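# Structure assessment
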Amino acid sequence: MASSMVVPVIDVQNDTFNELWPAMILAIKTSSFVALDTELSGLGNRKSLLAESIEDRYKAICHAARSRSILSLGFACYKKLDDKAADTYLVQVYNLTLLCSEEYIIEPQSVQFLVQHGFDFNKQYAHGIPYCKGNNKAESDDQGVHIRALFTELLRARKPLVLHNGLIDMAFLYQSFYAHLPDRLTTFTADLSEMFPAGIYDTKYVTEFELRLTASYLEYAYKKCKLDSSRRGTSGGTEPHVQLHFCQYAGQMSSYVDYRVCPAVGSVEGQTDICPRFSAFGWCSNGSECLLSHDTDLIILQDEKDLGNKRTKRKRRKEKRKGKGEAAEDGAPQHKIPHMAVDLQETPDEKQGAESSSEKGSLMDTQQNEREKTDIEGNGVSQDNTLEITPTTDDNAKTNTNGGEESRTKDGGSEKLSEKSSKTEQKKNADSGSHRAGFDAFMTGYIFAHSCTLNKKKGVEAVGKEEEEESWVPSCLNKVYLSGKSAPLNVVKSTFSKSSKAHVAKMEMVWGKKV
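Residues numbered from 1 in each chain as written. Predicted model: local features only at pLDDT ≥ 70, side-chain atom pairs only at ≥ 80, totals over all residues. Heavy atoms only, no water.

## Focus: the overall build of the chain
As a reminder of what qualifies: Only runs of H or I of at least four residues qualify as helices and only runs of E of at least two qualify as strands under DSSP, and these elements are numbered from the N terminus. We call a residue buried when its accessible area falls under 20% of the maximum for its residue type, exposed when it is over 50%, and partly exposed in between, using a 1.4 Å probe and counting protein chains only. Only heavy atoms matter for contacts: two residues are in contact if any of them lie within 4.5 Å across the pair. Areas reported here follow the Shrake-Rupley algorithm with a probe of radius 1.4 Å; residue values treat only the protein chains shown as occluding.
Of the regular secondary structure elements, the chain holds 16 helices and 13 strands. With 515 residues in all, the chain has 57% of them scored as buried. Long-range pairs, those at least 24 residues apart, make up 82% of the contacts in the chain with a sequence separation of at least 6. Accessible surface, the chain as shown: approximately 21,600 Å² in total, 48% of it carbon and sulfur.

Encoded structure:
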């Protein structure tokens, strides 16, 4: 059974951004891949976000990204350790509280959900890192110490980018920290393919089409991957499995760290009936008032039990049918709604409790519900339901230069931090919502690391380090999950598409030459 783990999440605010800058840059530059997650102030018309036409979806996403803002940005840097056992990573997790310096819309449903899950708006407006959206305004994106410069450093690092259900995330990142979004989807994907030459991976697509899990919302996928990996590590054999190390933070740095406890998957004994909707989609319109269980651990164990029963029945059927050659249908587990990307039985207005752990655990949960599987029979939050916010902080992000500080984070840590959890005087237990984006990024990265381990087991072994990193999960490279669609969005530059003018200018700045 999986053991408990404690994940350190570094809290980055406006007053600590300069101090933590060197550590963040070092973590990005030395990583093998970077996982990212965001919290948003809203998503707009939910029905449009699930339009049949992908081009229409993109237009709706562009409208949301231009009129809403990123409230929190989380990223997890996974560095493969060559001097350790295979599939061992050093992980550094950051959670940045942001504050858009321009007017933006924030949706009441989003505020309600975020507050219920521990998001501190007082903290955001008092200590959020300011930024401006769209094209460059005051400071240059390649100079100074500010959030847009951090995004530029991410591009320069040329690392694989990992997201979960990431189309909306990528659009918001582009609009918020890069340039105005292009009007056409083909131009957007062409730009992305050049911005991230090492590739983009969507763990939502990975879990659905590569791992083929029973459910694919983030918390479920993470816990299932962690449980499977732990079983491989304790099987007594040589099964490849993910092992993690975390940095040891001391001195002033330790005061910026919150610790997220990841309990081991519990026992199924004595549990109540499972909520079919939450089990399938990671959210339930009844929220905490639901009389059925929303325990992800129980859901995973029950799924495994159902799968075992199904295999047994299939075997018996096969023996009975002997020469008939009839194939048994799989179907969904008894306690589940048949798996589908979009739940058609509830309207977005009814779904306040989004996917449990992240598909965008915040307001995004409304986002997540829609992106993830929201109902498409309603408009969700309408324009009449929105508020325009004008921040009262400085209009421009800080441009202080890096004073040459060295990163205080050093490689090391322990594979399992459960033993250190007893040192409570050194730990602050983060509440369930205060570091959602950072921890969601960590979970996203873990799913990807686990899928890479399984990919190698299939025989996709590489000879050298470079070839190995280029073959993380080849079948999922540059494929972004699309809700309700059987095929992904391919992030490629076709012969019929051109890069946007803003992107060409930005790439010249980033790389020092035209792409």
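## A look at the packing of aromatic side chains
Here is the rule: Here is the rule: rings of Phe, Tyr and Trp (six-membered ring for Trp) pair when centre to centre is within 6.5 Å. Planes less than 30 degrees apart are stacked, more than 60 are edge-to-face, and the remainder are tilted. Charges are assigned to positions over rings by a cutoff of 6 Å between ring centre and Lys NZ or Arg CZ, combined with an angular limit of 35 degrees from the ring normal.
In the structure shown here, the tally under the stated rule is 26 aromatic pairs. Taken together, a centroid distance of 5.0 Å and an interplanar angle of 65° make the contact between tyrosine 174 and tyrosine 178 edge-to-face. An identical accessibility class is assigned to tyrosine 174 and tyrosine 178; each is buried. The rings of Phe33, Tyr78, Tyr89, Tyr201, Tyr222, Phe246, Phe439, Phe442, Tyr446, Phe448 and Trp472 are connected pair by pair, giving a single aromatic cluster. Over the ring of tyrosine 481 we find lysine 204; its NZ or CZ atom is 5.1 Å from the centre of that ring. Arginine 260 extends its terminal NZ or CZ atom over the ring of phenylalanine 439, reaching a point 4.2 Å from the ring centre.

## Concerning helix H16 (residues 501–511)
Side chains of residues three or four places apart in an α-helix project in the same direction, reflecting 3.6 residues per turn. What counts, and what does not: Comment: arc refers to directions from the helix axis out to C-beta atoms.
If you check which residues of H16 are buried, you get His503, Lys506, Met507, Val510 and Trp511. Down the axis, H16 shows its buried residues gathered within 115° of arc, on one side only. Taken together, the buried residues of H16 touch helix H6 (147–157), helix H7 (167–177) and helix H8 (185–195). Directly after H16, the chain includes glycine 512, whose backbone phi takes a positive value near 80°.

## Some words on H7
Within H7, eleven of the eleven residues are buried, leaving the element largely enclosed by the surrounding structure. Of all the positions in H7, only Leu167, Ile168, Asp169, Met170, Ala171, Phe172, Leu173, Tyr174, Gln175, Ser176 and Phe177 are classed as buried.

## Observations concerning the pairing of strand E3 (residues 70–80)
The side chains of a regular strand alternate between both faces of the sheet. Threshold: By definition, two strands form a pair when at least two bridges between them are found by DSSP.
Burial of E3 is extensive: ten of the eleven residues sit out of reach of the surface. Bridge count for strand E2 (residues 33–40) against E3 is eight bridges, and the pairing is antiparallel. Bridge pairing links valine 34 to cysteine 77 in E3. Sheet analysis places E3 next to strand E4 (residues 88–100), joined by nine bridges and oriented antiparallel. Following the sheet pairing, alanine 76 is matched in E4 by valine 93.

## Some thoughts on unusual backbone geometry
Here arginine 158, not a glycine, exhibits a phi torsion of approximately 55°, which is positive. Turning to its location among the elements, arginine 158 is positioned in the loop between H6 and strand E7 (161–163). According to the relative accessible area criterion, arginine 158 is partly exposed, its value standing at 42%. Residues other than glycine seldom take positive phi values, yet arginine 212 does so here, at roughly 55°. Relative to the assigned elements, arginine 212 resides in the loop between helix H9 (203–210) and helix H10 (218–233).

## Concerning the pattern of salt bridges
For clarity, the cut-off: Here, a salt bridge means any Lys or Arg side-chain nitrogen found within 4 Å of an Asp or Glu carboxyl oxygen.
A complete count under the given rule lists eleven salt bridges for this structure. A salt bridge links aspartate 183 to arginine 66; the shortest N-O distance between them is 3.6 Å. In this pair, aspartate 183 is assigned in the loop between H7 and H8 and arginine 66 in helix H3 (residues 54–67), connecting sequence segments 117 residues apart. A relative accessible area of 61% places aspartate 183 in the exposed class. The partner of lysine 223 in a salt bridge is glutamate 219, with the nearest N and O atoms 3.4 Å apart. Within this pair, lysine 223 and its partner glutamate 219 are both found in helix H10, separated by four residues, close to a single helical turn. Given the relative accessible area of 16%, lysine 223 is considered buried. Connected through shared salt-bridge partners, Arg46, Arg68 and Glu107 make up one network.

## Examining the side chain of lysine 133
Basically, it comes down to this: For the purpose of charge, His is not counted, nor are the chain termini; Lys and Arg are scored as positive and Asp and Glu as negative. The term polar contact refers here to a pair of N or O atoms within 3.5 Å; inside protein, the definition further demands a hydrogen-donor-capable atom paired with an acceptor-capable atom, and it admits residues adjacent in sequence only when both atoms are side-chain atoms.
Structurally, lysine 133 is set in the loop between strand E6 (129–131) and H6. Despite its burial, lysine 133 remains without a salt bridge, the nearest opposite charge being carried by glutamate 102 at 5.0 Å. Engagement of the side chain of lysine 133 in a polar contact is seen with the backbone oxygen of arginine 66, the distance being 2.9 Å. Residues within four places of lysine 133 in sequence aside, it is in contact with Ala65, Arg66, Ser67, Arg68, Cys100, Glu102, Arg148, Gln175 and Ser176.

## A look at the nonpolar core
Among soluble globular proteins, nonpolar side chains are generally buried collectively. For clarity, the cut-off: For our purposes a nonpolar core is just a set of buried Ala, Val, Leu, Ile, Met, Phe, Trp, Tyr and Cys residues, chained together by side-chain atoms within 4.5 Å.
Ranked by size, the top nonpolar core spans 81 residues in total, and within it Phe75, Leu96, Leu150 and Phe188 carry the most contacts. Ranked by size, the runner-up nonpolar core spans 51 residues in total, among them Tyr220, Phe246, Cys262 and Ile300.

## Observations regarding the side chain of arginine 57
Within the secondary structure, arginine 57 sits in helix H3. The buried charged residue arginine 57 lacks any salt bridge, with glutamate 52 as its nearest oppositely charged partner at 5.9 Å. In terms of polar contacts, arginine 57 uses its side chain to reach the backbone carbonyl oxygen of alanine 51, at 2.7 Å. The contacts of arginine 57, once residues within four sequence positions are left out, are Ser48, Leu49, Leu50, Ala51, Leu482, Ser483 and Lys485.

## Remarks on the environment of aspartate 15
Here aspartate 15 shows up in the loop between strand E1 (5–12) and helix H1 (17–29). On the accessibility criterion, aspartate 15 (56% relative accessible area) is exposed. Measuring from C-alpha to C-alpha, the distance between aspartate 15 and histidine 127 comes to 6.7 Å, with 112 residues separating the pair along the chain.

## Some points on the environment of tyrosine 58
For tyrosine 58, the location among the structural elements is in helix H3. In this structure the C-alpha to C-alpha distance between tyrosine 58 and phenylalanine 188, which are 130 residues apart in sequence, comes to 9.4 Å.

Nothing here speaks to function; it is all geometry.
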